[in-house]
Amino acid sequence: MLPQKFLSDLEVAIGVKAMITNQDDIAPYMIEQRGRFIGQTSLVVTPATTQEVSDIVKLCAEHSIGIVPQGGHTGLVSGGIPFAGDNAIVLSTSRLNKIRTIDPTNNTMVVESGCILQTIQEHAAQHDRLFPLSLGAEGSCQIGGNIATNAGGINVIRYGNTRQLVLGLEVVTPTGEIWNGLRALQKDNTGYDLKQLYIGSEGTLGIITAAVLQLFPKPKEQQTAVLAIKELEDALPLLNLAQSMLGDALTSFELLPRIGIDFSLKHGQGVVDPIEGQYDWYILMEASVAITHSNLKDLFQNYLETAFEKNWVQDGVLAQNKSQSDSFWLLRENITLCQKPEGGSIKHDISVPVSSVPAFIKTANEAVRKMIPGIRPHPFGHLGDGNIHYNLSQPIDMNKEDYLNHWEEVNRIVHDIVHSFNGSISAEHGIGRVKRDENQYYKSAVEMQLMQNIKTALDPKGIMNPGKLIPVS
Ligand code: FAD
Ligand code: 2HG
Ligand code: ZN
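If you look the protein chain up in an unreviewed UniProt entry, it shows as 2-hydroxyacid dehydrogenase from Kiloniella litopenaei. UniProt, in its Cofactor (unreviewed entry) section for the protein chain, records the words "FAD". Per UniProt, the protein chain carries the Sequence similarities (unreviewed entry) text "Belongs to the FAD-binding oxidoreductase/transferase type 4 family."

Here it is as structure tokens:
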């Protein structure tokens, strides 16, 4: 129960229309993507300005009430919902959705945190610019959520993670002050880089209300191909060859397993098999350049010829037009969705050095198959940067609940293998609540203490996204 005084002061500050208290209306904010947990709160607030965010945070700080920021609600680690006992409200940024300015001369754009990623991409494109962050959830995730999770996606090998795409931030601190760090500078060595601290902090240090984004020249030509490979190991020389023959034109290098294609063909809408015949592994790759009349097509064709000559590729299709390349990407984007109808899926979002990806997948497959006969490994994702979504679909004849009861046990086996490769147990989705304890298990005490010190210094009352990322002390 929230204090009456808090509620009445809040009503004065933001108005009753920005306060959702009916449980039926609250429900959609409580169901997270994975469907594993249901959040609990008695209040969702929907501020429309930075000042309103500040007023809300000040009142929460005064009454020691927790605040869970929520953007597009597409996060995969249950970071955007309060859990029972958290004594927290949800602050949805969906009404903080203005594109404040775009500056093509500076190649920057100032946006509020509730802007949908796709809207930002489209707005940049209208000004002949590219905002390169791209992920399957781009039609609903918000830039504030992207920044808070340091989202990765399909273009990281060329443009970097969200961290590399943000020049400045506006943040409401846990005491309700507004930090205006909306600087559009390429160079700024004036002390600790606070914006980088907020990027990837998953709502635990403050609320991001606006950002200065870095834009790039809009690609004028793209080449997209799906290649079938026999052995996973062949993907590595294929990648290296692409890097040397296509240079930094290479933007995406994604791994698809046959099982993922089969799931997408079975459950997805409008999905087509790009290559006749069945192979174990496929690479979806794209190269692009921002100049017209380039020789990208020739370079790409030379690349493919060399790859075939070396026998690293069994078969391949180069998209002949935009709609064919869109159909390749549709297949890729359907992967997450089309795993759901196949029953329980135990998920991992890992990274290892790129050169270790094949060995990691082989070792992990062997270990999980030994533990659960019939388990269906479904590793896919951003091979070019070493980030594999090592998802494991349940055996066909197993009860879903029985299978999901093995979640922690399977996580531990897989994460131990990741650890042995000096990898990360969360490459791009973050820690949230789901991986909080697992993260603590693998990180050194020194690293955990440093993180805890930062949290305590910035949020001494512990009201920002309580129980997420940092273990509750
Ligand atoms: P939410 O889910 O609403 O929140 C995520 C976290 O950020 C929470 O901890 C929340 O408290 C915090 N937060 C949100 N807004 C703010 C704010 N303004 N200030 C402070 N904290 C805030 N992720 C990738 O990295 N790469 C992918 O390729 C990718 N593909 C996906 C594909 C699908 C189909 C789906 C469903 C998800 C995918 N994701 C991917 C995960 C997810 O889309 C990203 O984590 C995304 O960045 C989350 O944005 P959101 O607006 O939905 O954030
Ligand atoms: C992707 O790359 C996402 O498609 C989703 O990060 C990963 O389904 C998943 O586990
Ligand atoms: Zn991903």
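Once the structure has been displayed, the description carries forward.
## A few points about the site of ligand 1
The full set close to ligand 1 counts 35 residues, and Pro69, Gly71, Gly72, Thr74 and Gly75 are the nearest of them. Note that an oxygen atom of ligand 1 is positioned 2.7 Å from one of the side-chain N or O atoms of Thr74. Out of a free accessible area of 980 Å², ligand 1 has 94% covered by protein chains. Elements with a minimum of two residues in the shell around ligand 1: strand S3 (66-70), helix H5 (143-149) and strand S10 (207-214).

## Here's the deal with a nonpolar patch on the surface
Among the surface-exposed residues, Tyr192, Leu194, Leu197 and Ile454 lie close enough to one another that they form a single nonpolar patch of about 410 Å² accessible area. Topologically, Leu197 is positioned in helix H7 (residues 194-198). A relative accessible area of 31% means that Leu197 is categorised as partly exposed.

## A few points about the pattern of salt bridges
All told, the structure shown has 19 salt bridges when counted by the stated rule. With its nearest N and O atoms 3.1 Å apart, the salt bridge here joins Arg436 to Asp437. The partly exposed category is assigned to Asp437, whose relative accessible area is 46%. It is possible to trace a salt-bridge network through shared partners that takes in Lys98, Arg100, Glu112 and Glu170.

## What to know about the nonpolar core
If you look at the biggest cluster of nonpolar residues, it comprises 46 residues, and the most contacted ones within it are Leu227, Leu238, Ile283, Met285, Tyr303, Phe360 and Leu392. Elements with a contribution of two residues or more to this core: strand S12 (221-229), helix H8 (235-246), strand S13 (250-257), strand S14 (281-289), helix H10 (296-309), helix H13 (357-371), strand S19 (387-393) and helix H15 (407-420). Summarising the domain contributions, this core has at least three residues from each of domain 3 (221-336) and domain 4 (343-429). One finds Phe131, Leu133, Leu165 and Leu169 within the second-largest nonpolar core, a separate group that totals 29 residues.

## Here's the deal with the coordination of the zinc ion (ligand 3)
Coordination of the zinc ion (ligand 3) by the protein is provided by His382 (NE2), His389 (NE2) and Glu428 (OE), with metal-donor distances spanning 1.9 to 2.2 Å. Here the donor residues of the zinc ion (ligand 3) share one chain and are spaced in sequence as H-x6-H-x38-E. Placement of His382 in strand S18 (residues 376-382) and of Glu428 in the loop between H15 and helix H16 (436-442) is noted, with a sequence separation of 46 residues between them. Classification of Glu428 by relative accessible area gives buried; the value is 11%.

## Observations regarding the UniProt feature "domain: FAD-binding PCMH-type" (unreviewed entry) in the protein chain
Mapped onto this numbering, the UniProt entry annotates "domain: FAD-binding PCMH-type" (unreviewed entry) at residues 37-218. Along residues 37-218 the backbone is 22% helical and 25% strand, and the end-to-end C-alpha distance reaches 40 Å.

## Quick notes on the environment of His429
Its place among the elements puts His429 in the loop between H15 and H16. Each C-alpha atom, one on His429 and one on Gly79, is 9.8 Å from the other, the two residues being 350 residues apart in sequence. Sequence-distant contacts of His429, defined by excluding residues within four places in its chain, comprise Arg34, Leu76, Val77, Thr149, Asp349 and His389.

## Brief notes about helix H3 (residues 50-63)
Between its terminal C-alpha atoms H3 stretches 20 Å, which fits the 20 Å expected from 14 residues at 1.5 Å a residue. Positive phi appears at Ser64, one or two residues downstream of H3, with a value of about 50°.

## Let's talk about the packing of H8 against H10
For the pair H8 and H10, interaxial distance at closest approach is 10 Å and the crossing angle is 150°. In this structure, the crossing between H8 and H10 has a hand that is right-handed. Side by side, H8 and H10 meet where Leu238, Leu241, Ala242, Met245 and Leu246 of the first sit next to Leu299, Phe300, Asn302, Tyr303, Thr306 and Ala307 of the second. Class assignment of the residues belonging to the contact of H8 with H10 gives a composition of nine nonpolar, two polar and no charged.

## A few points about the sheet that holds S3
Spatially, the four strands line up as an open sheet ordered S1-S2-S4-S3, and their pairing is mixed. Both edges of this open sheet fall to strand S1 (19-20) and S3, since each of them pairs with a single strand only. Judged from the five bridges that link them, S3 and strand S4 (residues 88-92) form a sheet pairing that is parallel. In the sheet register, Gln70 faces S4, and the bridge partner there is Ser92. Packing of H3 onto the sheet brings it into contact with strand S2 (44-45), S3 and S4, and relative to S4 it is tilted by some 175°.

## Section: the sheet that holds S10
Pairing is antiparallel across the open sheet formed by five strands, whose spatial order is S5-S6-S10-S8-S9. Strand pairing shows two members of the sheet lacking a second neighbour, strand S5 (99-103) and strand S9 (178-181), which therefore form its edges. Direction aside, neighbouring strands of the sheet carry axes that sit 10° apart on average. Pairing geometry for strand S8 (residues 166-172) and S9, over four bridges, is antiparallel. Paired with Val171 across the strands is Trp179, a residue of S9. Here H3 sits on the sheet and contacts S5, S8, S9 and S10; the angle it forms with S8, its principal contact strand, is near 50°.

## Digging into the site of ligand 2
Surrounding ligand 2, one finds Arg34, Leu76, Arg332, Thr336, Lys347, Phe380, His382, His389, Asn391, Glu428 and His429. The contact in question runs from an oxygen atom of ligand 2 to an N or O atom on the side chain of Arg332, over 2.7 Å. Within the side chain of His389, a nitrogen or oxygen atom sits 3.0 Å from an oxygen atom of ligand 2. Relative to its unbound accessible area of 300 Å², ligand 2 is 87% covered by the protein chains. At the level of secondary structure, the elements contributing two or more residues to the shell around ligand 2 comprise S18 and S19. In terms of residue class, the shell around ligand 2 is built from two nonpolar, five polar and four charged.

## Some words on helix H2 (residues 23-30)
Regarding H2, the residues found buried are Ile26, Tyr29 and Met30. All buried residues of H2 project into a common sector of 95° when viewed along the axis, lining one side. Of the exposed residues in H2, those oriented more than 90 degrees away from the buried face are Asp24 and Pro28. In this fold, the buried residues of H2 make contact with S1, S2, S3 and S4. One side-chain oxygen at the N-terminal end of H2 lies 2.7 Å from the backbone nitrogen of Asp24; it belongs to Asn22.

Definitions and limits used
Residues numbered from 1 in each chain as written. Chains lettered and ligands numbered in written order. Predicted model: local features only at pLDDT ≥ 70, side-chain atom pairs only at ≥ 80, totals over all residues. Heavy atoms only, no water. UniProt positions renumbered as here; feature names shortened; annotations may be inferred. Near = heavy atom within 4 Å. Polar contact = N/O pair within 3.5 Å; in protein donor to acceptor, adjacent residues only side chain to side chain. Areas by Shrake-Rupley, 256 points an atom, 1.4 Å probe, with all protein chains shown as cover. Helix = DSSP H or I, 4+ residues; strand = E, 2+ residues; numbered from the N terminus. Patch = residues over 30% accessible without salt bridge, like charges linked within 9 Å, V, L, I, M, F, W, Y side chains within 5 Å. Salt bridge = Lys/Arg side-chain N within 4 Å of Asp/Glu carboxyl O. Buried < 20%, exposed > 50% of the residue type's maximum accessible area, 1.4 Å probe, protein only. Core = buried A, V, L, I, M, F, W, Y, C linked by side-chain atoms within 4.5 Å. Domains from an automatic or database assignment. Donors = N, O, S within 2.8 Å, 3.2 Å for Na, K, Ca; no water. Contact = heavy atoms within 4.5 Å. Expected span 1.5 Å × (residues − 1). Axes fitted to C-alpha atoms, helices over the stretch in contact; angles between N-to-C directions. Left-handed = near helix turned anticlockwise from the far one by under 90°. Nonpolar A, V, L, I, M, F, W, Y, C, P; charged D, E, K, R; others polar. Pairing = 2+ DSSP bridges. Arc of directions from axis to C-beta.

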